[in-house]
Every structure is written in structure tokens, then in C-alpha cells.
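What follows is the residue order along each chain.
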Amino acid sequence: MGKPANPRSKVSRPARPDGRTGNFKFRASPKPASAPVEIAAAPAPVIPAELLVDPPKPAKPRKARGKKEEAEPARPASALDMILAQLDDAKAEQVVTIALDDKSAIADTMVVATGRSNRHVGAIADHLVEKLKAAGRRDLKIEGMPQCDWVLVDAGDVVVHIFRPEVRSFYNLEKLWSDHAPNERLVT
């Protein structure tokens, strides 16, 4: 057997309407000339002259040339502000800040927050520790991560307690450290 025949060579093409053979190229037929349609012009609306005038633009303040203004050094965010922002970003619920200035020497501030589940509590604590380490805090102490019922993050001057809702209501730290808690009575 020889070479297979070229299928194109044996196919006959239909003839064009003008009698020529080959590929058809369709063209749009010319439009018949018709009488122009007259459209009635609507009267132009009258616009008050005061609306046509642009109001004067206020002058932009110019910067002094030559001397570069000294930029104010960026104020480092306090640990408390950073912690509260991170807890908000991590969707922590019922965030309470308790000032410990006159109550204890362990820290200046205590933050108590709630997570929805063990995983949420662990994720909040992980993200908080990462954010604090990125800000240069290296003396962090973390307790309770394996169970994630109650995670404590000690950032030095701020102590953060992250609870599951049931555990938070059981221990009720806000009541223990609030201003309304009874003072200890000294036995003399």
C-alpha cells in the first residue's frame, strides 16, 4: 500500500454564488437607501448662570523648599496597645483590661479575654506571642498551651489570660481583681 491520499485533494468545494470555487467570504450586504428620519429636537434645559461658574479652589499649602523637615520619630506602641489590637484582630471576645498598679507588683495591667473553643484560645495565644516577639519582646512566658482551656501569656508589664467561656465564668478573675473586691483584712 502506498501513501494515504490527502483528504483535501479529493473533496470538492461548493461553487460560490458568482460561479467561482474556493472559500466563502461573507460580506454584509449594502443597506438600501431610505429616507432620513427626522427627530424632533427637545428644547435645551435652562441652567442658571451661577451653576455654570466653577467655584474658586482653595490654595494648597506649599512645603518649604530647601530644608527637609525632620520627621517625628515613630512612637513605639505600648505593649498594652499592641496586645489589645492583636486580641481584636484575632476575634477575642469579652476583652477586659484591669489596672494592677495599686493592687499587685506582678504586673501593671491584666487583660482577660475569651475564645470560642480550645482551638480559638490556642490560636489567639499563638498569634499574640508571634506579634509580641516581632515587636522585640523576648521575655515572654506562656502557660496552659497544651490544653488551651486557660492560656496565660506573661509579657512583663502586661499579663494576658485567655479563657474558654466556661472556664472564665468558673474562675471569674474580673471579680477577684476588680476595685469592688473586699480588701484583705490583716490579723494583728
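See above for the structure.
The present account deals with the structure reproduced in this document.

Procedures and definitions
Residues numbered from 1 in each chain as written. Predicted model: local features only at pLDDT ≥ 70, side-chain atom pairs only at ≥ 80, totals over all residues. Heavy atoms only, no water. Axes fitted to C-alpha atoms, helices over the stretch in contact; angles between N-to-C directions. Helix = DSSP H or I, 4+ residues; strand = E, 2+ residues; numbered from the N terminus. Left-handed = near helix turned anticlockwise from the far one by under 90°. Contact = heavy atoms within 4.5 Å. Buried < 20%, exposed > 50% of the residue type's maximum accessible area, 1.4 Å probe, protein only. Pairing = 2+ DSSP bridges. Phe/Tyr/Trp six-rings, centres within 6.5 Å; stacked < 30°, edge-to-face > 60°.

1. Looking at the packing of helix H3 (residues 79-89) against helix H4 (residues 118-134)
And then number 1: H4 packs onto H3 with a crossing angle of 140 degrees between their chain directions and a minimal axis gap of 10 Å. Crossing of H3 against H4: the hand is right-handed. Residue-level contacts link Met82, Ile83, Gln86 and Leu87 of H3 to Ile124, His127, Leu128, Lys131 and Leu132 of H4.

2. Quick notes on the pairing of strand S2 (residues 109-114)
And then number 1: Counting buried positions along S2 gives 6 out of 6 residues, so the element sits mostly inside the fold.
And then number 2: Side-chain alternation along S2 places Thr109, Val111 and Ala113 on one buried face and Met110, Val112 and Thr114 on a second face that is also buried.
And then number 3: With 5 bridges joining them, strand S1 (residues 93-99) and S2 adopt antiparallel strand pairing. When the sheet's bridge partners are listed, Glu93 is paired in S2 with Thr114.

3. A look at the packing of aromatic side chains
And then number 1: Tallying each qualifying case throughout the model produces 3 aromatic pairs.
And then number 2: Between the aromatic rings of Trp150 and Phe163, the centroid separation amounts to 4.8 Å while the plane-to-plane angle is 35 degrees, which identifies the pairing as tilted. Of this pair, Trp150 sits in strand S4 (residues 150-154) while Phe163 sits in strand S5 (residues 158-163), and the two are 13 residues apart along the sequence.
And then number 3: With a centroid separation of 5.0 Å and an interplanar angle of 90 degrees, the aromatic rings of Phe170 and Tyr171 are classed as edge-to-face.

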